[in-house]
Amino acid sequence: MGIDLKREIKELTPELIELRRYLHRHPEPGFHEVWTGQMVAEELRGLGYEVKSGIAKTGVMGLLRGGKPGKTLLLRADIDALTIGEKNEIDYCSEQPGVMHACGHDGHMAIALTVARILSHHQSEWVGNVKFVFQPAEEGPGGAKPMIEEGVLKDPKPDRALGLHLWNVLPVGTVGIRPGPTFACLDAIDITIRGKGGHGAAPHQTVDSIDAAAQVINALQTVVSREVDPIKPVVVSIGTIEGGHAYNIIANEVKMKGTVRAFDLDLRKTLPERIERIIKGATASLRAEYDFEYRFGYPPLVNNEGVCSWMKEIAAEVVGEENIKIPDPTMGGEDMAYFLQEVPGCYLLLGSANEKKGLNKPHHNPEFNFDEAALPIGVEILARAALRFLS
Ligand SMILES: [Zn+2]
Ligand SMILES: [Zn+2]
């Protein structure tokens, strides 16, 4: 291709960083990304994209047709922030109390908008279509599924899907690409345990829901340790427990919420029964009763092998082959999985940590930040991939 991408991206980098910081100052949580969605839609319209906004409440889609008809590439960026109060001392700190881009989605949007810009500059030099999907609520309850239900994968249907996540597990200058299952499925459980309240000094007149809850919590781990093939990872974590309110009263009821993770889809299907059976047995043995709800969430994210090898070559041209890593799979969830269920593609992890600069805090930490040197790398990888796929 006759496009000097490196030079073009170098020239765009100050604006790319400025855009990321602007977005960082204005975080909005899932399905409340009203300002963000408008901002993204305006940018895309200004670049000549056909824009549809308000998809799945706050999502935005931008379509650009190249010089001639051809294949369609989908590029996805998530746009939501987290309900975390920022503790960084930076001059582009969040201006929304209690809300923060603590996962790097501000960077994903800045990268995607810059790629959108490059592709519009060169519109006559490529063929086919590029479809940008700016998706709300990745952190939950999930915007990918409702966006697909509202038709973002139609007219035209994408032939390939790409996306990336800034990744503070990897140093800046490296790229993680893992073929196959990379992120786990993400399911939710709600458990209510009902006993019979009474005086703390007269337990024999009561059914202690807290005691039953304790047995349930302990026994639940045997799903992982005694029932499931140890080669197949599963996590069952109880995240909240609520019950009781006084020193001397035996609690009538305990409510718990938890998360369940797995990679294997057949195994996943068995988990509601296994978990409920344990709750049922443990509560029955202590004369308590229960309600149980298992809600299937994001599916596992599975990268297409062929697209991964293709992306590895492209990423190696940008960062060098020695800097392409195969990251470990994570039990974290990612709703890019829904797009990759429908369209073969690759979700890559863009190294963004810089220990020397103190930019290595974990995602979702109130002091999370990343090395902005990762941004032009992300732009170059996606722009190269787009121009090659649409050549
Ligand atoms: Zn996150
Ligand atoms: Zn994220």
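Residues numbered from 1 in each chain as written. Chains lettered and ligands numbered in written order. Predicted model: local features only at pLDDT ≥ 70, side-chain atom pairs only at ≥ 80, totals over all residues. Heavy atoms only, no water.

### Concerning helix H1 (residues 5–25)
Between its terminal C-alpha atoms H1 stretches 29 Å, which fits the 30 Å expected from 21 residues at 1.5 Å a residue. Residue threonine 13 marks the point of greatest curvature in H1, where the axis turns by about 45°; the proline proline 14 follows within four residues. Turning to H1, its buried residues number three or more, namely Leu5, Glu8, Ile9, Leu12, Thr13, Leu16, Leu19, Arg20, Leu23 and His24. For H1, the elements touching its buried residues are helix H2 (34–46), helix H3 (105–121) and helix H9 (374–389). (Helix = DSSP H or I, 4+ residues; strand = E, 2+ residues; numbered from the N terminus. Expected span 1.5 Å × (residues − 1). Bend = angle between axes of the 7 residues up to and from the residue. Buried < 20%, exposed > 50% of the residue type's maximum accessible area, 1.4 Å probe, protein only. Contact = heavy atoms within 4.5 Å.)

### With respect to the sheet that holds strand E10 (residues 234–243)
The four strands lie next to each other as E10-E12-E8-E13, forming an open sheet whose pairing is antiparallel. Each having just a single partner strand, E10 and strand E13 (289–298) make up the two edges of the open sheet. Averaged over all neighbouring strand pairs, the angle between strand axes comes to 15°, with direction disregarded. Two strands pair when backbone bridges link them, and E10 and strand E12 (residues 253–262) are joined in this way by nine bridges, in the antiparallel orientation. Note on E12: the bridge partner recorded for glycine 243 is valine 254. The sheet contacts of helix H6 (residues 265–285) involve strand E8 (185–194), E10, E12 and E13, and relative to E13 the element is tilted by about 165°. (Pairing = 2+ DSSP bridges. Axes fitted to C-alpha atoms, helices over the stretch in contact; angles between N-to-C directions.)

### Remarks on the pairing of strand E2 (residues 59–65)
Buried residues dominate E2, accounting for six of its seven residues. Looking at chain direction, strand E1 (residues 50–55) and E2 are connected through five bridges and run antiparallel. Looking across to E2, one finds that isoleucine 55 is bridged to glycine 59. Taken together, the six bridges between E2 and strand E4 (residues 127–135) define a ladder with antiparallel strand orientation. From the neighbouring strand, glycine 62 faces E4, where its bridge partner is phenylalanine 132.

### Observations regarding the coordination of the zinc ion (ligand 2)
For the zinc ion (ligand 2), the full set of protein donor atoms is Cys103 (SG), His105 (NE2) and His165 (NE2), and the range of their distances to it is 2.1 to 2.4 Å. Binding-site remark: the zinc ion (ligand 2) is held by donors from one chain whose sequence spacing is C-x1-H-x59-H. (Donors = N, O, S within 2.8 Å, 3.2 Å for Na, K, Ca; no water.)

### Here's the deal with the coordination of the zinc ion (ligand 1)
Bound to the zinc ion (ligand 1) are the protein donor atoms Cys103 (SG), Glu139 (OE), Glu139 (OE) and His364 (NE2), situated 2.0 to 2.7 Å from the metal. Classification of the site at the zinc ion (ligand 1) as irregular follows from its four donor atoms and the range of 52 to 147° in their angles at the metal. Within one chain, the residues donating to the zinc ion (ligand 1) are spaced in sequence as C-x35-E-x224-H. (Tetrahedral: all angles 85-135°; square planar, octahedral: opposite > 155°, others 65-115°.)

### Some thoughts on H6
Two residues of an α-helix separated by three or four positions point the same way, owing to the 3.6 residues in each turn. Along its 21 residues, H6 runs 31 Å from first to last C-alpha, staying within 8% of the 30 Å computed at 1.5 Å per residue. Along H6, the largest kink reaches about 35° and is centred on leucine 271; proline proline 272 follows within four residues of it. All buried positions along H6 are accounted for by Leu267, Arg268, Leu271, Pro272, Arg274, Ile275, Ile278, Ile279, Ala282 and Thr283. Of the surrounding secondary structure, the elements contacted by the buried residues of H6 are E8, helix H5 (209–227), E10, E12 and E13. Its side-chain oxygen 3.0 Å from the backbone nitrogen of aspartate 266, aspartate 264 forms the N-cap of H6. At the exit of H6 stands arginine 287, carrying a positive phi of roughly 65°. (Polar contact = N/O pair within 3.5 Å; in protein donor to acceptor, adjacent residues only side chain to side chain.)

### As for the sheet that holds E4
Taken in spatial order, the eight strands of this open sheet run E1-E2-E4-E3-E5-E16-E6-E15, and their pairing is mixed. Unpaired on one side and paired on the other, E1 and strand E15 (324–325) mark the two borders of the sheet.

### A word on unusual backbone geometry
Note the cis peptide between glycine 140 and proline 141, where omega equals 0°. Relative to the helices and strands, proline 141 resides in the loop between E4 and helix H4 (144–149). Here the amide bond leading from aspartate 155 into proline 156 is cis, since omega sits at -10°, within 30 degrees of zero. Position of proline 156 among the secondary structure elements: in the loop between H4 and strand E5 (160–171). Unusually for a residue other than glycine, arginine 287 sits at a positive phi of about 65°. With respect to the helices and strands, the residue arginine 287 is situated in the loop between H6 and E13. A relative accessible area of 59% means that arginine 287 is categorised as exposed.

### Let's talk about the pattern of salt bridges
Pairing between side chains of opposite charge can happen when the charged atoms of each approach one another. What the rule picks out here adds up to 28 salt bridges. Salt-bridge contacts for arginine 76 lead to aspartate 335; the nearest nitrogen and oxygen are separated by 2.9 Å. Of this pair, arginine 76 sits in strand E3 (residues 68–78) while aspartate 335 sits in the loop between E15 and helix H8 (336–342), placing them 259 residues apart in sequence. Residue classification places arginine 76 among the buried residues on the basis of a relative accessible area of 5%. Overall, the relative accessible area of 0% leaves aspartate 335 in the buried class. A salt bridge links arginine 384 to glutamate 380; the shortest N-O distance between them is 2.9 Å. One end of the pair is arginine 384 and the other is glutamate 380, both in helix H9 and four residues apart, which spans about a single turn. What makes arginine 384 buried here is its relative accessible area of 17%. (Salt bridge = Lys/Arg side-chain N within 4 Å of Asp/Glu carboxyl O.)

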